[in-house]
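# Observations on the three-dimensional arrangement
One letter stands for each residue in the lines below.
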Amino acid sequence: MVGPSGVPAGPLLHVSEPIDPALWAWLSDKIDHTLGLSPGVIIAIIGTFIVVFPIVVMVVAVRNRPSRKSVE
Amino acid sequence: MVSKSQPEKQSLYYGWYIIGALFFATLIAIGGRQGFGVFVKTWEQDWGVTTTTISIAAATGWLVNGISQPFVGRLTDIYGGRRVVVWSLLVMAIATMGVATVTNIYGLIALYGFIISFAAGGISPATTGVIIARWFEKKRGIAMAVLISGGSVGGMIVVPFLSYVLIEFGWQTAWLMIGGLALAFGVPLLLIVVRSNPVDMGLEIDGEESENTPEAEVTVRPVGPKFAEKWKDALNSRPIWQLSVTYFVCGITTASISVHFVRWAISEDISTGTAALAFGALSGINACGVLAIGLLSDRWQRKNLLAAVYLVRGLAFISLFVLPGPIAIWAFAVIGGMSWLATVPLTASLTADVYGVRNLGTLFGFANMAHQLGGAAAVMLFGWAFTAWGSYDIPFAIGAATLLAAGIISLSIREKQHSVRYVQVPAGGATGSELITQDGD
């Protein structure tokens with residue numbers, strides 16, 4: 001049950017199989033070539049998204065959490 | 001004078017915030033597992049092992065993840081989805097950080113192959129889909145589709161993140177960071193935002209106005225004629241088998257392509273770069289396709305869309321052995337991309353429509369297990385067939401035939417007779433209603 005590089009493959013993942021290392025090496029080269037950003041900058045950009053997204057969802061959800069009002 | 005409490009009308013239904021939280025959990029959980037492939041070469045050098053040895057951990061994880069689905073689904077039905085997703089992400093996060101301390105393949109098999117992969121079953125459609133099915137009925141299709149797309153986004157975001165952290169700081173730091181982020185942000189997010197049922201917040205499904213008493217701790221929902229009081233009851237009816245068999249075919253045709261597509265491309269003298277580019281196109285089309293199918297499925301019969309998805313994928317398979325390789329790879333990327341993820345929200349929604357949500361985790365967990373086992377079997381058989389015949393033509397033809405069968409089986413589902421969308425047994429009947437109680441979480 002292994003891909004050409006020995007590990008279940010592919011960015012076309014249907015469930016959560018690991019990405020194929022050979023394909024990822026090719027893709028990361030293309031990303032480097034196209035964006036021209038240093039690894040540190042890419043880490044900072046993606047890391048910021050991973051941190052900010054849950055905080056925003058949490059804050060907005062808590063602010064809009066349905067509160068029960070009293071009725072007679 | 002009796003004072004009663006009633007939830008205020010909200011501008012945006014709270015269920016959409018729950019989708020946001022589960023989307024993030026799915027993104028981290030699936031993205032983290034997909035990132036495994038990034039570390040293979042590093043581990044080979046550090047531990048002096050072969051890729052095949054490391055693949056044992058990946059293969060073990062695949063099977064464990066499949067087998068875990070009915071169990072975590074059952075836990076979801078018993079204890080509520082919130083508890084299961086919170087504990088699953090907590091265990092997964094700690095075990096992911098633990099991988100940083102591993103010094104050999106045995107530790108990797110134990111942590112990744114067993115613990116992380118089992119816990120990841122708790123952040124799968126068998127659990128997250130159940131929560132969404134309890135919050136959404138009229139927009140269940142698009143809600144499921146948005147959630148499922150979190151897996152695709154996870155691959156696009158988390159895999160590069162892990163790769164660049166590996167380059168800058170080493171593989172141990174990469175595993176510590178992704179586990180730490182899940183622990184620091186994912187777990188609190190689920191704890192604070194997610195609730196198993198709308199009734200836990202005094203809301204109604206789809207944000208409808210309540211017809212129950214304001215202080216009711218029980219919501220009565222109409223159900224379809226096949227509503228499963230006990231999960232075993234469902235096994236005596238046809239729809240669960242129709243859905244599981246078609247999902248089994250889904251597993252066969254997606255897993256075999258995931259593993260064998262590059263090898264097929266190489267056998268057709270197509271470069272790895274072109275194959276990767278075609279995969280990228282397929283992923284983009286796939287994300288759009290699942291959202292489009294989700295929208296349509298809230299308007300049309302879901303079984304017809306499910307049949308269409310399988311038949312379209314069948315056409316993609318046929319293109320692989322009928323067309324010349326360089327054309328076939330792009331035909332497959334475009335045609336196959338439209339159908340790739342779309343089966344998940346359709347199968348989950350149909351299961352919920354027919355059997356209700358009380359035992360949905362267990363029932364969809366069974367279907368998920370069928371999917372994973374079908375995939376594992378197909379990967380081995382496709383490999384055996386290529387070794388025996390030196391070509392993928394026969395396996396691809398068999399794949400196309402199974403997809404044709406899946407399309408016909410999907411069409412044979414009597415949705416208008418079984419689904420709560422079309423036939424509702426009035427609430428309050430002896431067996432014709434589903435009581436949704438507060439989980440107290």
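Calculation rules
- Residues numbered from 1 in each chain as written.
- Chains lettered and ligands numbered in written order.
- Predicted model: local features only at pLDDT ≥ 70, side-chain atom pairs only at ≥ 80, totals over all residues.
- Heavy atoms only, no water.
- Helix = DSSP H or I, 4+ residues; strand = E, 2+ residues; numbered from the N terminus.
- Buried < 20%, exposed > 50% of the residue type's maximum accessible area, 1.4 Å probe, protein only.
- Contact = heavy atoms within 4.5 Å.
- Areas by Shrake-Rupley, 256 points an atom, 1.4 Å probe, with all protein chains shown as cover.
- 1 Å grid on protein atoms, 1.4 Å probe; cavity = no way out; pocket = protein on both sides within 12 Å on 5 of 7 lines; lining within 4 Å.
- Points joined across faces, edges and corners; volume = space filled by probe spheres on them.
- Nonpolar A, V, L, I, M, F, W, Y, C, P; charged D, E, K, R; others polar.
- Expected span 1.5 Å × (residues − 1).
- Bend = angle between axes of the 7 residues up to and from the residue.
- Patch = residues over 30% accessible without salt bridge, like charges linked within 9 Å, V, L, I, M, F, W, Y side chains within 5 Å.
- Salt bridge = Lys/Arg side-chain N within 4 Å of Asp/Glu carboxyl O.
- pLDDT = per-residue confidence, 0-100.
- Core = buried A, V, L, I, M, F, W, Y, C linked by side-chain atoms within 4.5 Å.
- Phe/Tyr/Trp six-rings, centres within 6.5 Å; stacked < 30°, edge-to-face > 60°.
- Lys NZ or Arg CZ within 6 Å of the ring centre and 35° of its normal.
- Axes fitted to C-alpha atoms, helices over the stretch in contact; angles between N-to-C directions.
- Parallel < 35°, antiparallel > 145°, perpendicular 65-115°, else oblique.
- Left-handed = near helix turned anticlockwise from the far one by under 90°.
- Polar contact = N/O pair within 3.5 Å; in protein donor to acceptor, adjacent residues only side chain to side chain.
- Lys, Arg positive; Asp, Glu negative; His and termini not counted.
- Disulfide = S-S within 2.5 Å.

Helix and strand counts for chain B stand at 17 helices and three strands. Looking at chain B as a whole, 61% of its 441 residues are labelled buried. Considering only intrachain contacts with a sequence separation of at least 6, the fraction spanning at least 24 residues in chain B is 85%. A total accessible area of about 16,100 Å² is found for chain B, and carbon and sulfur atoms account for 66% of it.

All right, on to the overall build of chain A then. Looking only at helices and strands, chain A features two helices and one strand. Sequence-ordered secondary structure for chain A, helices as α and strands as β, is α-α-β. Each of the 72 residues in chain A was classed as buried or not, and the buried ones make up 40%. In the form shown here, chain A has an accessible surface area of approximately 3,400 Å², with 64% of it arising from carbon and sulfur atoms.

As a further point, take empty space enclosed by the protein. All names here are of chain B. According to the stated counting rule, one finds four cavities of 30 Å³ or more in the structure shown. Volume-wise, the second largest cavity comes out at about 90 Å³. Lining the second largest cavity are 14 residues, and of these Ile28, Gly32, Met92, Thr96 and Ile178 sit closest to its centre. Within the residue set of the lining of the second largest cavity, elements represented by two or more residues are α1 (15-34), α4 (81-98), α5 (105-120) and α8 (171-193). For the lining of the second largest cavity, a count of residues per class yields ten nonpolar, three polar and one charged.

For the rest of this paragraph, the subject is helix α3 (residues 51-79) of chain B. Residue and element names in this part refer to chain B. Given a rise of 1.5 Å per residue, 29 residues ought to cover 42 Å, and the 40 Å separating the end C-alpha atoms of α3 matches this to within 8%. The largest bend along α3 measures about 35 degrees and falls at Gln69, with the proline Pro70 one to four residues further on. A positive phi of about 95 degrees marks Gly80, the residue just after α3.

Residue and element names in this part refer to chain B. A cluster of nonpolar residues, Leu63, Ile67, Phe71, Phe118, Phe248 and Leu373, forms a patch on the protein surface that exposes about 510 Å² of accessible area. The element that contributes the greatest number of residues to the nonpolar patch is α3, accounting for three residues. Note on placement: Leu373 falls in helix α15 (residues 360-389).

All names here are of chain B. Residues of chain B with pLDDT of at least 70 account for 90%, and the chain-wide mean is 84. Least confident of the elements in chain B is strand β1 (residues 4-7), whose mean pLDDT is 53; most confident is α4, at 96. This complex was scored by the predictor with a pTM of 0.80 and an ipTM of 0.78.

Counting residues in each nonpolar core, the largest one holds 127 residues, and the members touching the most others are Trp43, Leu108, Trp175 and Trp264 of chain B. Filtering out sequence-adjacent residues up to four positions away, Leu108 of chain B remains in contact with Phe36, Trp43, Trp47, Ile54, Ala57, Val99, Val102 and Gly113 of chain B.

To continue, consider the packing of aromatic side chains. Any aromatic ring pair is given by two values, namely how distant the centres are and how the planes are angled relative to each other. All names here are of chain B. Tallying each qualifying case throughout the model produces 26 aromatic pairs over all chains. Through a chain of ring-to-ring contacts, three or more aromatic side chains come together here, namely Trp264, Phe317, Phe332, Trp340, Phe382, Phe386, Tyr392 and Phe396. The residue whose ring lies beneath Arg313 is Trp340, and the NZ or CZ to ring-centre distance is 5.2 Å.

The subject of this paragraph is α8 of chain B. Over its 23 residues, α8 of chain B runs 32 Å from end to end, which matches the ideal 33 Å to within 8%, given 1.5 Å per residue. Its maximal kink placed at Leu183 of chain B, α8 of chain B deviates by approximately 30 degrees.

Our focus in this paragraph is the packing of helix α6 (residues 125-135) of chain B against α15 of chain B. Residues and elements named next belong to chain B. Put simply, α6 and α15 touch, their axes get as near as 9 Å, and they point 140 degrees apart. Judged on the interaxial angle alone, α15 and α6 are oblique. As α6 runs across α15, the sense of the crossing is right-handed. In contact with Pro125, Ala126, Gly129, Val130 and Ala133 of α6, α15 contributes Leu360, Gly361, Phe364, Gly365 and Asn368. Tallied by class, residues from the contact of α6 with α15 come to six nonpolar, four polar and no charged.

Quick look at the side chain of Ser237 of chain B now. Residue and element names in this part refer to chain B. With respect to the helices, strands and loops of the structure, Ser237 is situated in the loop between α9 (231-234) and α10 (238-267). Looking at Ser237, its side chain comes within polar contact range of the main-chain oxygen of Ala234, at 2.7 Å. A polar contact is formed between the side chain of Ser237 and the side chain of Tyr355, at a distance of 2.6 Å. Leave out the neighbours within four places in its chain, and Ser237 touches Lys226 and Tyr355.

Further remarks concern the pattern of salt bridges. Residues and elements named next belong to chain B. The tally for this structure, following the rule as stated, stands at five salt bridges over all chains. Close ionic contact of Arg140 with Asp353 constitutes a salt bridge, the shortest N to O distance being 2.8 Å. One end of the pair, Arg140, is in helix α7 (residues 140-169); the other, Asp353, is in helix α14 (residues 343-355), with 213 residues separating them in the sequence. For the salt bridge of Asp353 with Arg302, the shortest nitrogen-to-oxygen distance reads 2.4 Å. Here Asp353 is found in helix α14, whereas its partner Arg302 is found in helix α12 (residues 302-322), with 51 residues between them in sequence. Across the pair, exposure class does not vary: Asp353 and Arg302 are buried alike. The network of salt bridges with shared partners includes Arg140, Asp298, Arg302 and Asp353.

All names here are of chain B. The residue Lys303 is located in helix α12 in this model. Look at Lys303: it is buried, it has no salt bridge, and the nearest opposite charge is Glu415 at 6.4 Å. Excluding residues within four positions of it along the chain, Lys303 makes contact with Leu350, Ser410, Leu411, Ile413 and Glu415.

Going through the model one piece at a time under the given rule, you end up with zero disulfides over all chains. A disulfide-free cysteine, Cys288 of chain B has its sulfur positioned 19 Å from the sulfur of Cys250 of chain B, the nearest such atom.

Let's shift gears to the confidence of the model for chain A. Residues and elements named next belong to chain A. Taken over all residues, the pLDDT of chain A has a mean of 70, while the share at 70 or more is 60%. The element-level mean pLDDT for chain A is lowest in strand β1 (residues 68-71), coming to 49, with helix α2 (residues 39-63) highest at 92. Low confidence marks residues 1-13, where pLDDT is under 50. Its contacts with residues over four positions away, or in another chain, come to 64 contacts.

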